[in-house]
Amino acid sequence: MTQRHMNTQYGRFAPDTMLISMYPKHALIDGEGNPLPLNLRGASYLFHEWMHYIHNVSTVHGASCFLNVAAYWNDFRFTMRDGIESQGSEVLKDKHLDLLEKRQRMMAAGRGPAGKTLPSGVSVKSCRVISVCAGEIEDEIEHPSSVAIEVKRLIVRQSRRTKTYDLAFSATDLLESIAYMLEERFLWKLNRVTPVKGSVDPYQTLFLIARHIAPRLSKSEILMCGIAALQSTTPVSQTLQLLKISNAWKAKSISVENSLRERVKTHLESSRSTTDQWLKTVVAMFPSDGPLARAALETIRYLQANLEHRRNDPFFELELIDQLHSAGVAGFGARMRELMLKHGICSFEQIRPGSDEQIGRDVQFEFAVVADDPVKNDGRRIMFSTFEFAMAHLESGGRIRRTLALRPEKCHFYASCTLSERSEHASVCERSPWDSMKWNAGSACWYREGVHQSRQLDC
């Protein structure tokens, strides 16, 4: 249900969502690159994935995650001594290593996998949360919460048994739960249908937790608690706190929605100077006017505009759903383009049936383009590549491994690239795309440019 992210054991970030993968059953374009009518399920999938992007460019949590990844990448550049390969953390000073270790923990907390999950095939109806314990916050870094879930399973002769599972509820799980609940609301408003069933965790974990600690709240109020919590750098513990507070408000007949709105507005205003400084810090990392800089600064501009928009309307996602509902399925594409132009654009790839070895099987394209800027469009994919290259080097303890020690990894654009290098140097693209730096300097390879921009130079 979620798109491809930059996956590492320490965290995942697709600034985030710079790139949304559309699979064959949700095709947006045909084999000739012409637009196709989008069915309701395809629209639902696209909406869910775009919500992930929105939460990266409109929340305090998203701004924090972008800052941490950009700052790690900026530190990583100091290991690129020869401009082609990382020499590893051995070339860094001790103060750099201490910062990297904390940065790694912050990235893992913000986008890292939770770990323990429920077995497949479990339904929401068979699950009951029996305890929730907030994770510790150490050095301003949040650990996942611990959730014990009792699951009833039907076995032979209609007898029942129960088993308790311990789950770790992380920020990633919270984001997936919020996106699922927004998709659920989107589908119900458009056509009175429900989303395709996914695993209970992470998509419905927030609902289960709320049913345990805040039984008075409606689904809409639970969703607002989750969105409000994203305006914090410790969103999981904030979610648990807001659920309990909101449940108490409901018991006293106090409007949960109005109270949450005022709470979020107050918090966003008080944190304005902090978030502004974060964004200024990132801007300073991209001083020139190349493709990477344009893409990074575009992300910053959307963050600034969306945070300001959220200060006026803390739950503007709900308004987006109303706008898409008014357009209907037939007008979904046109309205989505309008919303992307206003709130943020990520790039797309259309995955097609067939083998990965088929050159040009997939297609990279833009759903909405501002001023038809091909440099910026390339920049988003270069930004994806440069962060992916840097993240591939990160190992435990904040250490950075040498490029020569990297595990084989296929370029993300392996199935969509149509450059001559894709056929002439297929083994490089399939196993070590960072070796593209050894190609001709005039190559238009996005991955090569991403490695190039990781050097200790202006970008």
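Preceding this paragraph is the structure being described.
Fair warning: this is a prediction, and the values are worked out from it, not measured in the lab.

Q: A description of the packing of aromatic side chains should follow, citing residues and the corresponding values.
A: Within the structure shown, the criterion is met by 14 aromatic pairs. Look at Trp73 and Phe286: their rings are 5.2 Å apart centre to centre, the planes differ by 5 degrees, and that puts the pair in the stacked class. Of this pair, Trp73 sits in helix H2 (residues 60-76) while Phe286 sits in the loop between helix H10 (272-283) and helix H11 (291-312), placing them 213 residues apart in sequence. Residue classification places Trp73 among the buried positions, given a relative accessible area of 0%. Phe286 gets classed as buried once you look at its relative accessible area, which sits at 2%.

Q: A description of the environment of Tyr23 should follow, citing residues and the corresponding values.
A: Within the fold, Tyr23 resides in the loop between strand S3 (19-22) and helix H1 (40-56). Given the relative accessible area of 29%, Tyr23 is considered partly exposed. A sequence separation of 326 residues divides Tyr23 from Glu349, and the C-alpha atoms of the two residues are 8.6 Å apart.

Q: Break down the packing of helix H6 (residues 205-213) against helix H8 (residues 235-251) for me, with residues and values.
A: Orientation of H6 relative to H8, taken along the N-to-C sense of each, is 45 degrees, at an axis distance of 10 Å. Between H6 and H8, the interaxial angle falls into the category oblique. Along this stretch, H6 crosses H8, giving a crossing that reads as right-handed. Across the interface between the two elements, Leu206, Ile209, Ala210 and Ile213 from H6 touch Thr239, Leu240, Leu243, Lys244 and Asn247 from H8. Among the residues making up the contact of H6 with H8, the classes are represented as six nonpolar, two polar and one charged.

Reading the values: rules and limits
Residues numbered from 1 in each chain as written. Predicted model: local features only at pLDDT ≥ 70, side-chain atom pairs only at ≥ 80, totals over all residues. Heavy atoms only, no water. Phe/Tyr/Trp six-rings, centres within 6.5 Å; stacked < 30°, edge-to-face > 60°. Helix = DSSP H or I, 4+ residues; strand = E, 2+ residues; numbered from the N terminus. Buried < 20%, exposed > 50% of the residue type's maximum accessible area, 1.4 Å probe, protein only. Axes fitted to C-alpha atoms, helices over the stretch in contact; angles between N-to-C directions. Parallel < 35°, antiparallel > 145°, perpendicular 65-115°, else oblique. Left-handed = near helix turned anticlockwise from the far one by under 90°. Contact = heavy atoms within 4.5 Å. Nonpolar A, V, L, I, M, F, W, Y, C, P; charged D, E, K, R; others polar.

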